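# Structure at a glance
Okay, here's what each chain looks like letter by letter:
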Amino acid sequence: MRREEYISDEMVVKRVNAAVRIELEKKRAMDVPIIVYDREKQIIYQESSDGSRVEVGRRMRKGRYSERYAEKT
């Protein structure tokens, strides 16, 4: 492919966001629970189609891997 045929990064992000939105709508319509991560509280939830949430887990570590590895050495 030539350089002119590539799509921009913004278009890739828009397409990925649309694909995720469609998949979530599909799972809600099929009444399949989805997994949601709350960034503020750092808790993982299982959310059903009626909106109820059940806590599944919490974030175990903070920081990036490279940051954690640099602290150990």
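For the structure given in this document, a descriptive report is provided here. Keep in mind that this is a model prediction, so the values were computed, not measured.

## Quick look at the overall build of the chain
Scanning the chain for helices and strands turns up two helices and three strands. Scanning the chain from its N terminus toward the C terminus, one meets helices and strands in the order α-β-β-β-α. For a compact globule of 73 residues, the expected C-alpha radius of gyration is about 11 Å, and the chain comes in at 18 Å, more than 25% above that figure. For the chain, the spread of C-alpha atoms along the principal axes amounts to about 50 × 45 × 15 Å. Classification of the 73 residues of the chain by burial places 8% in the buried group. Taking contacts inside the chain between residues at least 6 apart in sequence as the whole, the part at least 24 apart equals 0%.

Cut-offs used in this document
- Residues numbered from 1 in each chain as written.
- Predicted model: local features only at pLDDT ≥ 70, side-chain atom pairs only at ≥ 80, totals over all residues.
- Heavy atoms only, no water.
- Helix = DSSP H or I, 4+ residues; strand = E, 2+ residues; numbered from the N terminus.
- Rg over C-alpha atoms; globule rule 2.2 N^0.38 Å.
- Buried < 20%, exposed > 50% of the residue type's maximum accessible area, 1.4 Å probe, protein only.
- Contact = heavy atoms within 4.5 Å.

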